[in-house]
Each structure stands twice: as C-alpha cells, then as structure tokens.
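Overview (structure and organization)
Listed below, chain by chain, are the residues.
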Amino acid sequence: MNTQLLLKYALLLVLASLLSACLGGTIAQQIVRSMLTTTADKVVANAMDEQERKDMLAKQNAPLKDTEPDPYWAAFVTSGFEQVQVIATPLPKSTQSVNEDAQTNSTPQSALLVRVELFNLLLGEEKNKLLEKARALGAITLPIKSEWQHWQVGTGIIEGNQKLITFLIPPEFGKMPSGAKVTVEIAPSGELNMLRYAYN
C-alpha cells in the first residue's frame, strides 16, 4: 500500500476515536464503517478499471496469427459480373391498329341453340372429373370450383339427329328429371355447352 492510503486510514482511526469519545460508540462506529466501505469500494473499482485497461491494451497489441486465407472469401472478393449486352427489338405495331384489325376481321357470332331431351345427370366423382378436365383445358364459362356442388351436369340427345351431348345446368334450374325437354346453347370448341331454357 502507498503512503497516501496509510495516511487516510490513520486519519480515519483518529476521527473514529474522537467521535467515539464525543458522540458515543455506536454512532461513531457506523460513520467509520460507512467511510471505510466507501473508500474500499473506490479502491476496488479503480483496480478493476486499471485491469480492464491493461487487458484491452494487451488485446490490441497481440500479434496476429499467420493463417491461410479463406478460399471462399477470396473468390467472393475477386468475383464480378459479365457485361450485359443490350438487345434492341422493334416495338409491335400500336394497339390501336391491332384493335382496328380485330374489329374489321370479326364477324357477328350467333349462339346455336338446340332442343335436347335430358337423358341423365352426372353425379359425384364423374361430374367433378368432367368439370376438372374442362378447367384444365381453359374453359372460361365454367363456374368457380367452390360452386361446382350447386351446378348439375346433364347428358341428353339432340332432337332430330339423335346426337348425345353433355351440358352444364345452372343452379336456378334445380335437379331436373330424366326426359325433360330443354334448350341448350352449343358452346365453341374448348367450352362446355350450357342449358338456357327448360319446358317441363
């Protein structure tokens, strides 16, 4: 211990003895203990700070290890990107002229309606398979899948040529009996025929 610290302790002992004579032993002891504890805390804190400073300096001045360079780091640092070549493509003709061409080439389409005698209804898995196949082929008149349970799929014979066709029955027609006379709209290729009118 250094001389300043010894002088502090000696001074504290003298003060303690004076206070014990003046104020009584218990109060003097408490004051001395408090002063000694405060001084000891400061000494310990200063010693810890000094040790931390020495450890930090030792870490900063420590020699670096001679290790092999990381091959992945070297590859990453030296990597680059290839030069992008600009490819110029001509713009398509304006959408206005495309729309005009479509209008001049389009002819009015009329729906073909035929009278059909309902033969039977497709149910369960058979109905779902047919609707799933139509969906996979891109049919746009098909109802959304969550509503399939409300729609019926019927098969029937066209009056006059005895050709068998399959068609969708919207929910508003309900469950139709076999032999019912209906009018069906014949759909273009890739779509499902649709029941339009029922007579009985």
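Report on the accompanying structure. (Residues numbered from 1 in each chain as written. Predicted model: local features only at pLDDT ≥ 70, side-chain atom pairs only at ≥ 80, totals over all residues. Heavy atoms only, no water.)

Brief notes about the overall build of the chain
Quick note on the threshold: The way it works is that DSSP assigns letters per residue, a run of H or I at least four long becomes a helix, a run of E at least two long becomes a strand, and they are numbered from the N terminus. Relative accessible area decides the class of each residue, using a 1.4 Å probe on protein chains only: under 20% of the type maximum gives buried, over 50% gives exposed, and in between gives partly exposed. Only heavy atoms matter for contacts: two residues are in contact if any of them lie within 4.5 Å across the pair. In short, Shrake-Rupley with a 1.4 Å probe defines the accessible areas, and a residue's cover is counted only from the protein chains shown.
On a plain count of helices and strands, the chain comes out with 5 helices and 5 strands. Looking at the 200 residues of the chain, the share that counts as buried comes to 20%. The contacts of the chain with a sequence gap of at least 6 include a subset with a gap of at least 24, amounting to 54%. Counting only carbon and sulfur atoms, one obtains 59% of the accessible surface of the chain, whose full area is about 16,100 Å².

Examining the pairing of strand β5 (residues 193–198)
What counts here: Here the rule is simple: two strands pair whenever DSSP picks up at least two bridges between them.
Here 2 bridges tie strand β3 (residues 164–169) to β5, and the two strands are oriented parallel to one another. When the bridges of β5 are listed, Phe167 appears paired with Asn193. Bridge count for strand β4 (residues 181–186) against β5 is 4 bridges, and the pairing is antiparallel. In the sheet register, Glu185 faces β5, and the bridge partner there is Met194. Between the antiparallel neighbours β4 and β5 lie 6 residues, among them Gly190 with a positive phi of about 90 degrees.

Observations regarding unusual backbone geometry
Positive phi values are uncommon outside glycine, yet Gln162 reaches one of about 55 degrees. Structurally, Gln162 is set in the loop between β2 (152–158) and β3.

Digging into the sheet that holds β4
Inclusion rule: Whenever a helix is involved, its axis is fitted only over the stretch in contact; in every case the axis is a line through C-alpha atoms, and angles between N-to-C directions fall within 0 to 180 degrees.
One closed barrel holds the 5 strands; their spatial order is β1-β2-β3-β5-β4, and the pairing between them is mixed. With direction set aside, neighbouring strand axes in the sheet form an average angle of 55 degrees. Direction of pairing for strand β1 (residues 112–122) relative to β2: antiparallel, over a ladder of 6 bridges. Counted as the bridge partner of Val116 is Ile158 from β2.

Comments concerning the side chain of Thr155
Basically, it comes down to this: Between N or O atoms, a polar contact is any pair within 3.5 Å; within protein, one atom must be a potential hydrogen donor and the other a potential acceptor, and residues adjacent in sequence are included only when both atoms are from side chains.
Within the fold, Thr155 resides in strand β2. Residue Thr155 is classed as buried on the basis of its relative accessible area, which comes to 9%. Engagement of the side chain of Thr155 in a polar contact is seen with the side chain of Asn120, the distance being 2.2 Å.

Some words on the pattern of salt bridges
Where charged atoms from two side chains of opposite charge approach closely, those side chains can pair. Quick note on the threshold: By convention in these notes, a salt bridge is any Lys or Arg side-chain nitrogen within 4 Å of a carboxyl oxygen on Asp or Glu.
As enumerated under the stated definition, the model contains 7 salt bridges in all. Linking Arg115 and Glu159 is a salt bridge whose minimum nitrogen-to-oxygen distance equals 3.4 Å. Here the residue Arg115 occupies a position in strand β1, and Glu159 occupies one in the loop between β2 and β3, the gap between them amounting to 44 residues. Using a relative accessible area of 39% as the deciding quantity, one classes Arg115 as partly exposed. Under the relative-accessibility criterion, Glu159 is labelled partly exposed at 38%. Between Glu132 and Lys145 there is a salt bridge whose closest N-O contact spans 3.2 Å. Of this pair, Glu132 sits in helix α5 (residues 124–136) while Lys145 sits in the loop between α5 and β2, and the two are 13 residues apart along the sequence. Classification of Glu132 as partly exposed rests on a relative accessible area of 24%. Linked by salt bridges that have partners in common, Arg115, Glu117, Glu159 and Lys181 make up one network.

As for α5
The test is simple: The span you would expect from a helix comes to 1.5 Å times its residue count less one. It is the directions from the helix axis to the C-beta atoms that the arc portrays.
Taking 1.5 Å of rise per residue, 13 residues should cover 18 Å, and α5 covers 18 Å from first to last C-alpha, within 8% of that figure. Taken as a whole, α5 has its buried residues at Lys127, Leu131 and Ala134. For α5, the arc enclosing every buried residue in end-on projection is 55 degrees, short of the 170-degree limit, so these residues lie on one face. Away from its buried face, by an angle of more than 90 degrees, α5 presents the exposed residues Glu125, Glu126, Lys129, Lys133 and Ala136. At the exit of α5 stands Gly138, carrying a positive phi of roughly 90 degrees.

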